[in-house]
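# Understanding the architecture of this molecule
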Amino acid sequence: MKKHINIELLAPANNLHVLKYAANYGADAVYVGGKHFNLRSIHGNFTLKQLKEGVEYAHKRGVKVYLTLNAVLAEDEIERFGDYIQELKKIDLDAVIVSDMGVFSLIRKIWPQVPIHISTQANTNNSAAVNQWARLGAQRVNLAREVPFKNLQKIMAQSQTEIEVFIHGAMCISYSGRCMLSKYMSGRDANRGRCAHSCRWKYYLMEQERSNLFFPVCPDKKGTYIYNSRDLCLLSKLDLLAASGVHSFKIEGRMKTENYVSLVTWVYRRALDYIKEGEFHRNNIQKLVSELDKCSHRNFTLGFMFAKSRHELEDNDNVGYINRYRFVATFIRYSKKHRGPVLRVKNQFRAGEQVDILQPRKDPLLFTMGKILDTAGHNMTCANPNDTVIIPGLGRISKYSIFRIKAV
Ligand code: SF4
């Protein structure tokens, strides 16, 4: 049975390049960071000029852009923050995302027209908090990841504003927005966008007088990773979440590549289409989960929302990332002469290998590359990072295609 659902799919973008992929792979909205006052402040992010260009690009395609301003503001930053907001006012942003009450009140004062979304960093766990944010003028609240599904349903029944939830991506093992571990262990403050992921480190026990002797604390032979969270994946529960009335499904990953963002956005766009068409059944879900396996991830969990025990959240079996596929190239243009795409190489591949090609809104395509040519048309046995190469005979493929190869 076909269903009318209208849930926003919200994808991350670390830069203009990734924003274009997210928009083309089916995001309804993207969230990005500026160069100041947002978490994830170490790499990437948008200058004011890039932000303007990104907003124009997205709006032409019917995609919204939200800017994260979710760092905690220090007293001596207030004036600089005000100046930044004056600059942002010139850009046609669809919303800003905040967590700090000071940031919230300054934006309300300086830029009252802009919709404000409350970040997960604000750690909103109940309908009283949601509705207080609504009374203060927030248009949307992203709930803390710690909210279980039965509480989400209660919140939805009473909420006076839009609700957004994370459906996919890395998780903190600490309560949202309240982690001091990274700051304590490495001096890098997670609440100012500089998290060192200390929760994923491997820990030993050391006796005071024997500082060079480390004793493993082993729940099993792999060691002790007591804080090591799995990655959130709510794909199999998406129909339940859709039925709950949530307004926006958010994908985590503002540090991720175009490969990751494209694939995860493609998967969840397809899942939402299946729900609309009454085709969200086990076989289709399983196919989509297999697709998710084609980019780097940790073992998946249903998170605090659906997991039945803490053992379903932490991961001592797989202590690193699972990489079953190599991201090898992106599409540049079509070569009429060679009847195939010209590619920018990201990771090495060889003639004779089979590529798995992800394309916006289409099924993935498998192709065995009989030949690889350089731009002068000469045969190459091997393509290396940063090369520009041609795959003759593949035919026309979509502009934002991504090439992956299964690891042996
Ligand atoms: S150290 Fe871990 S739990 Fe703390 S903020 Fe960073 S990722 Fe989250």
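Residues numbered from 1 in each chain as written. Predicted model: local features only at pLDDT ≥ 70, side-chain atom pairs only at ≥ 80, totals over all residues.

### As for the overall build of the protein
Rules: The secondary structure listing takes helices from DSSP runs of H or I that are at least 4 residues long and strands from runs of E that are at least 2 residues long, numbered from the N terminus. Every radius of gyration here is taken over C-alpha atoms, with the globule rule written as 2.2 Å times N^0.38, N being the number of residues. Counting other C-beta atoms within 10 Å of each residue's C-beta, where C-beta atoms are placed from the backbone, gives the exposure class: buried for 20 or more, exposed for 12 or fewer, partly exposed between. C-beta atoms are first placed from the backbone for all residues, and any pair lying within 7 Å is then listed as a contact.
Counting secondary structure elements, the protein contains 11 helices and 22 strands. Against the compact-globule benchmark of 22 Å for 408 residues, the protein has a radius of gyration of 23 Å, which places it among compact chains. In the protein, which comprises 408 residues, the share counted as buried stands at 39%. Intrachain contacts of the protein at a sequence separation of at least 6 include 66% that bridge at least 24 residues.

### Remarks on the site of the ligand
In plain terms, the rule: Each residue gets a C-beta atom placed from its backbone. If that atom is within 6 Å of a molecule or strand, the residue is near it. Following the grouping adopted for this structure description, the nonpolar residues are Ala, Val, Leu, Ile, Met, Phe, Trp, Tyr, Cys and Pro, the charged ones are Asp, Glu, Lys and Arg, and the polar ones are all others, Gly among them.
Lining the immediate surroundings of the ligand are Cys-172, Ile-173, Ser-174, Cys-179, Leu-181, Ser-182, Ala-190, Cys-195, His-197, Ser-198 and Cys-199. Here the residues of the shell around the ligand sort into 7 nonpolar, 4 polar and no charged.

### Focus on the domain arrangement of the protein
We apply this condition: An automatic or database domain assignment supplies the start and end points of every domain.
According to the domain assignment, the protein contains domain 1 (8-175 + 228-312) and domain 2 (325-406). Computed over C-alpha atoms only, the centres of domain 1 and domain 2 are separated by 32 Å. Counting residues at the interface gives 12 residues for domain 1, matched by 10 residues for domain 2. Where the side of domain 1 that touches domain 2 is concerned, the elements lending two or more residues are helix 1 (16-24) and helix 9 (258-277). For the side of domain 1 that touches domain 2, the leading source of residues is helix 9, giving 5 residues.

### Observations concerning the nonpolar core
Put simply, the test is: In plain words, the nonpolar core is the set of buried Ala, Val, Leu, Ile, Met, Phe, Trp, Tyr and Cys residues that C-beta atoms within 7 Å link up.
Of all hydrophobic cores here, the largest spans 98 residues; its most connected members are Ala-22, Ala-27 and Val-30. The leading source of residues in this core is helix 9, at 9 residues. When residues of this core are sorted by domain, at least three fall in each of domain 1 (8-175 + 228-312) and domain 2 (325-406). The residues contacting Val-30, other than those within four sequence positions of it, are Ala-11, Pro-12, Ala-13, Leu-19, Ala-22, Ala-23, Ala-58, Val-63 and Val-65.

### A closer look at the pairing of strand 17 (residues 365-368)
Rules: Following DSSP output, two strands are said to pair if at least two bridges run between them.
As judged from the 4 bridges shared by strand 16 (residues 354-358) and strand 17, these two strands associate in the antiparallel manner. Looking at strand 17, one finds that Ile-357 is bridged to Leu-365.

### Overview of the packing of helix 1 against helix 2 (residues 48-60)
Heads up, the condition is: To obtain an axis, a line is fitted to C-alpha atoms, over the contacting stretch when the element is a helix, and the angle between two such axes runs from 0 to 180 degrees between their N-to-C directions. Should an angle fall under 35 degrees it is called roughly parallel, over 145 degrees roughly antiparallel, and 65 to 115 degrees roughly perpendicular, with every other angle called oblique. Should the near helix be turned counterclockwise from the far one by less than a right angle, the crossing is left-handed, whereas a clockwise turn marks it as right-handed.
For the pair helix 1 and helix 2, the least separation of the axes is 10 Å and the interaxial angle reads 10°. The orientation of helix 1 relative to helix 2 falls into the category roughly parallel. Along this stretch, helix 1 crosses helix 2, giving a crossing that reads as right-handed. Listed contacts from helix 2 to Leu-16, Leu-19, Lys-20 and Ala-23 of helix 1 are Gln-50, Glu-53, Gly-54, Tyr-57 and Ala-58. Class assignment for the residues of the contact of helix 1 with helix 2 results in 5 nonpolar, 2 polar and 2 charged.

### What about the environment of Lys-294?
With respect to the helices and strands, Lys-294 occurs in the loop between helix 10 (282-292) and strand 12 (300-301). For the pair Lys-294 and Ile-322, spaced 28 residues apart in the sequence, the C-alpha separation amounts to 9.2 Å. In this view, Lys-294 contacts Leu-263, Arg-324, Tyr-325, Asp-356 and Arg-404; residues no more than four positions away in its chain are not counted.

### Thoughts on unusual backbone geometry
A positive phi is found at Arg-361, a non-glycine position, where the angle reads about 60°. Residue class for Arg-361 comes out exposed when judged on the 12 C-beta atoms lying within 10 Å of it. Even without glycine at this site, Asn-386 takes up a positive phi of about 80°. Mapping Asn-386 onto the fold places it in the loop between strand 20 (382-383) and strand 21 (388-390).

### Thoughts on the packing of helix 3 (residues 78-88) against helix 4 (residues 101-110)
Packing of helix 3 against helix 4 brings their axes to within 10 Å, and their N-to-C directions diverge by 45°. When the axes of helix 3 and helix 4 are compared, the pair comes out oblique. Along this stretch, helix 3 crosses helix 4, giving a crossing that reads as right-handed. In this structure, helix 3 contributes Phe-81, Gly-82, Ile-85 and Gln-86 to the contact, and helix 4 contributes Leu-106, Ile-107 and Ile-110. Across the contact of helix 3 with helix 4, the residue classes break down as 5 nonpolar, 2 polar and no charged.

### Digging into the environment of Glu-8
Tracing the backbone shows Glu-8 in strand 1 (residues 8-12). Placed 278 residues apart in sequence, Glu-8 and Gln-286 show a C-alpha to C-alpha distance of 23 Å. Beyond its immediate sequence surroundings of up to four residues, Glu-8 is in contact with Asp-28, Ala-29, His-247, Ser-248 and Phe-249.

### Observations concerning the sheet that holds strand 17
One open sheet accounts for 8 strands, arranged 17-16-22-13-14-21-18-19; its pairing is antiparallel. Of all the strands in the sheet, the pair left with one neighbour each is strand 17 and strand 19 (379-380). Pairing of strand 16 with strand 22 (residues 402-406) involves 3 bridges; the strand directions are antiparallel. Counterpart to Leu-358 in the pairing with strand 22 is Ile-402.

### Section: the environment of Val-98
Along the chain, Val-98 turns up in strand 4 (residues 95-98). Owing to 28 C-beta atoms within 10 Å, Val-98 belongs among the buried residues under this scheme. Taking C-alpha positions, Val-98 is 42 Å from Pro-341, a pair spaced 243 residues apart along the chain. Contact partners of Val-98, with chain neighbours within four places excluded, come to Leu-69, Asn-70, Val-103, Phe-104, Ile-107, Ile-116, Ile-118 and Ser-119.

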